[in-house]
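Remarks on the overall topology
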Amino acid sequence: MTFLYPLGLLGLIGIPILIIIYIIKNKYTEQTVSSTYLWTLSERFLKRRNPINKIAGLISLILQILVVLLLSFGIAHPVFTLPGMANNYCIILDCSGSMLISQDGTTRFDIAKDRISDILDEAVGGSTFTLVCVGESTTVYDGTTDKERVRSLLDQTQPVYSSVSLDRANEAAQGIFDGDSSTITYLVTDKAYNNISNVNLINVSAGEQNYALHDVTYDVSENLTVSGYVTSYESDVALTVMLTVYSGEESVEYQVSVAADRLEDASFSFECETRTFDYLTVEILQSDALALDNSVTIYSVDAENSYKALIVANEPYFMHAILAATNKAEVDILSVEEYSDIYMQDGMAATAPSGYGLYIFQDFNPQVLPSDGTVWLFGLDSSLSDANFSVQGNIVLDREDTDNLEFSTSTSSTVRNLVGNLLSQTNYPIYIKTYIKCSPYRAYTTLATINNNPVIFTTQTAHGNREVVFAFSLSEADFSMSPNFPILISNLLDYSFPAAVEDTLYACGETAVINVPVNTTSIRVVSPSGDQTFPDTTLSTAEFVLDEVGEYTITITIGGNAGTYRLYSAFPVDESATSVTSNESFLLNGEQTYDGSDGIYDDLAIIFALVAIILLADWVVYCYEQYQLR
């Protein structure tokens, strides 16, 4: 036995002090009383019935000496050595999504932490603990002898919502085992392992009832069709799946019953009398051990990527009808006079509108081009300072030359996307009476020419925005009546409105990709729990990992105008299974030894409990003495 604080034994000086006080203490008080036979008889009776009176004072002294002795030992903090009883522990905690499955309201993860706490309680003082948490990344907390430190780390650890790999944890455990082959390794998980070596497996799964919804998709080629699968992991069951379709302020519900055999994927499908929607939810109505995999939300890619467009024209009706038919933009219209009154007032510097993803100027020259959206220009008659091309004059075609509009046959990806799917020009020639000869400055792509002069081309404005130029007026050509016109307009809308979000449904743990529009100043991503991240906007795409289940909100700011997009991160189906035998191995190579180190016992609780008992006994003796003196 040793003492952490030997000076505490100085408290033993109190023992002789107590003895001296006991010796010099006046134990008797003389009193004059009448001596009668009855008093004498009563005194003899009391002495005969209460022999403890003779040693009551001595008992109190002994108890007080014991208190001083124990308190001195407690202050000195005795440490008892336990030869060969301490161990080095390596505890590996699985933090994968399936650990969120609950048993009677308690998750497997909480049960796992309780089991680890039991290991700590049973371990001898002086043992070393290394905690390895396998979640989004593998975190290793190096060995400590402080059990409370390990408990604190456990309290801070939370499970993730995705699948995890134990490879790095296996490497960390192997390194610890190589350093000390007597290390006792525990793997606390909810999966069984067929191949495991030198590891104590603690499986916290209990065959809980769970259903999962997965592989949900939709199709709008005709009417909206929603399909997917459900799986029951523990029993054959009849499940009810409900679809809710949201469009604006309205919602429509559909239900279907599905016979789900154990461990078999059962399909379901919904046919809806609509093609458009804002978002939809699919959910299993029955409750089970894991609610996170019972519902999925899908946002319409078209609805999430919808834009606002402004048409400035005196005759906008045809262009408005084409845009409305594509259902890709919400359209506002201003006449030339209205636009001039607002943005080009006499005697004042011209300004430009903002807040639109697309600006269409038809047979009108704005003095200043907008800086926050794609610009389409039809039939300009003069150059614009920020349009990135010059106007060199008007060319009138003879009748025999009016079918000379030729679309590009370039193999570049941009040209193929814009004109590669047009109908044959031989069957559908385009007649133009007059066009404007333009000379683009730089970085342009020609889509159509007349006599090798570009008449439909794309470029960028001086502000860096996309620009599409039609060097003719729609009133001077029959292009607007050609079946190729709506096809080209639809292609140009895809070009003008690059989809920021191309997919709105992911599995948790996957990486979401956002297309970064031109002139994007910031991107903010808000997770279901409210955490915010700000992906890099300097590249053409921004990426971020989905580490939570639920709705993510993405706010993209372009030129001071913010657009909001949503996507859903679903619980990964491979973490929904309740009873899993892993095909992987968890092996610690080497021979396990059992050379424990010296442990310690330094718990002062027993000493302080004895002090409390002795103080109570001393108080009882004191009360008894006072009672006898009454």
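Everything discussed here concerns the structure shown above.
Below, the structure is looked at part by part.

Moving on: the layout of surface pockets. Empty pockets left among the atoms are what a rolling probe the size of a water molecule brings to light. Volume-wise, the second largest pocket comes out at about 630 Å³. Lining of the second largest pocket is provided by 31 residues; of these, Y307, G357, D372, I558 and Y565 occupy positions nearest its centre. Every element with two or more residues in the lining of the second largest pocket is listed here: α7 (301–304), β18 (307–312), β33 (550–558) and β34 (561–570). A per-class count over the lining of the second largest pocket returns 14 nonpolar, 11 polar and six charged.

Right, let's talk about the sheet that holds strand β8 (residues 184–189) for a bit. Strand order in this open sheet of five strands is β7-β6-β3-β8-β10, and the pairing throughout is mixed. On the outer flanks of this sheet lie β7 (138–144) and β10 (200–203), each paired with one strand and no other. On average, each strand axis in the sheet is tilted by 15 degrees relative to the strand beside it, whichever way the strands run. Strands β3 (88–94), β6 (128–134), β8 and β10 of the sheet are contacted by helix α4 (residues 108–122), whose axis makes an angle of about 175 degrees with β3. Against the sheet, helix α5 (residues 147–156) makes contact with β3, β6 and β7, and its axis sits at roughly 10 degrees relative to β6, the strand it touches most.

One pass over the structure, following the stated rule, counts eight salt bridges. When salt bridges with common partners are traced through the structure, they connect D94, R108, D190, K191, E208 and E575 into a single cluster.

A few words now on the pairing of strand β16 (residues 279–284). As paired elements, strand β13 (residues 237–247) and β16 share six bridges and run antiparallel to each other. Note on β16: the bridge partner recorded for Y246 is Y279. Here five bridges tie β16 to strand β17 (residues 295–299), and the two strands are oriented antiparallel to one another. If you follow Y279 over to β17, its bridge partner there is Y299.

Moving on: empty space enclosed by the protein. Tallied over the entire structure, the rule returns one cavity of 30 Å³ or more. A volume near 30 Å³ is recorded for the largest cavity. Lining the largest cavity, in full, are L377, F378, G379, L380, F389, I436, C438, V469, F470 and A471. When residues of the lining of the largest cavity are traced back to their parent elements, those giving at least two are β21 (374–378), β24 (434–440) and β27 (466–470). Partitioned by chemical class, the residues of the lining of the largest cavity number nine nonpolar, one polar and no charged.

The next point concerns the sheet that holds strand β20 (residues 358–362). The eight strands lie next to each other as β19-β18-β20-β21-β27-β26-β25-β23, forming an open sheet whose pairing is mixed. Only two strands of the sheet have a single neighbouring strand rather than two, namely β19 (329–334) and β23 (406–407). Across four bridges, β18 lies against β20 in parallel orientation. Within β20, the position partnered with V312 by the bridge is F361. Against the sheet, helix α11 (residues 484–496) contacts β20, β21, β23, β25 (445–450), β26 (453–460) and β27, and its axis sits at roughly 160 degrees relative to β27.

Below, the discussion takes up the packing of aromatic side chains. Under the defined criterion, the tally for this structure stands at 21 aromatic pairs. Centroid distance F268 to F270: 5.8 Å. Interplanar angle 65 degrees. Geometry classified as edge-to-face. Each member of the pair, F268 together with F270, is buried. For the pair F407 and F479, a centre-to-centre distance of 6.2 Å together with 50 degrees between the ring planes defines the contact as tilted. You can see F407 sitting in strand β23 and its partner F479 sitting in the loop between β27 and α11, a full 72 residues away along the chain. By the burial criterion, F407 is buried, and F479 matches it. Through a chain of ring-to-ring contacts, three or more aromatic side chains come together here, namely F318, F378, F407, F470, F472, F479 and F485. Of note, K308 hangs over the ring of Y356, and the distance from its end group to the ring centre comes to 5.1 Å.

Turning to α5, its buried residues are V150, R151, L153 and L154. In an axial view of α5, the angular spread of the buried residues amounts to 160 degrees, which keeps them on one side of the axis. Away from the buried face of α5 by more than 90 degrees, exposed residues E148, D155 and Q156 are located. Of the surrounding secondary structure, the elements contacted by the buried residues of α5 are β3, α4, β6 and β7. The opening residue of α5, the one whose side-chain oxygen lies 3.0 Å from the backbone nitrogen of E148, is D146.

Rules used throughout
- Numbering of residues starts from 1 in each chain and follows the order in which that chain's sequence is written.
- For a predicted model such as this one, the threshold for reporting local features is a pLDDT of at least 70, and the threshold for listing and counting side-chain atom pairs is 80 or more; totals across whole chains, interfaces and linings nevertheless cover every residue.
- In computing side-chain properties, one takes all heavy atoms of the structure into account and sets aside hydrogens as well as water.
- A 1.4 Å probe that fits into a set of points on a 1 Å grid over the protein atoms alone but cannot get out defines a cavity; an open set with protein on both sides within 12 Å along at least five of seven lines defines a pocket, and lining residues are those with an atom within 4 Å of a point.
- Grid points are joined across faces, edges and corners, and a volume is the space filled by probe spheres set on the points.
- A run of DSSP states H or I qualifies as a helix once it reaches four residues; a run of E qualifies as a strand once it reaches two. Both are numbered from the N-terminal end.
- Any residue outside Ala, Val, Leu, Ile, Met, Phe, Trp, Tyr, Cys, Pro, Asp, Glu, Lys and Arg is labelled polar, Gly included; the first ten of those are nonpolar and the last four are charged.
- Whether two strands pair comes down to DSSP finding at least two bridges between them.
- With axes taken as lines fitted to C-alpha atoms, and helix axes fitted only over the stretch in contact, angles between N-to-C directions fall between 0 and 180 degrees.
- Every residue pair with non-hydrogen atoms within 4.5 Å of one another is taken to be in contact.
- Should a side-chain nitrogen of Lys or Arg be within 4 Å of a carboxyl oxygen of Asp or Glu, the pair is scored as a salt bridge.
- Any two of the Phe, Tyr and Trp rings considered here, Trp counted by its six-membered ring, make a pair once their centres fall within 6.5 Å; the pair's planes then place it as stacked at under 30 degrees, edge-to-face at over 60, or tilted in between.
- Working definition: with a 1.4 Å probe on protein chains only, accessible area under 20% of the residue-type maximum means buried, over 50% means exposed, and in between means partly exposed.
- Comment: the charge-over-ring label is applied if NZ (Lys) or CZ (Arg) is within 6 Å of the ring centre and within 35 degrees of the ring normal.
- In this description, the arc belongs to the directions extending from the helix axis to the C-beta atoms.
- Any pair of nitrogen or oxygen atoms within 3.5 Å is treated as a polar contact; in protein, a donor-acceptor pairing is required on top of that, and neighbouring residues in sequence qualify only through side-chain atoms on both sides.

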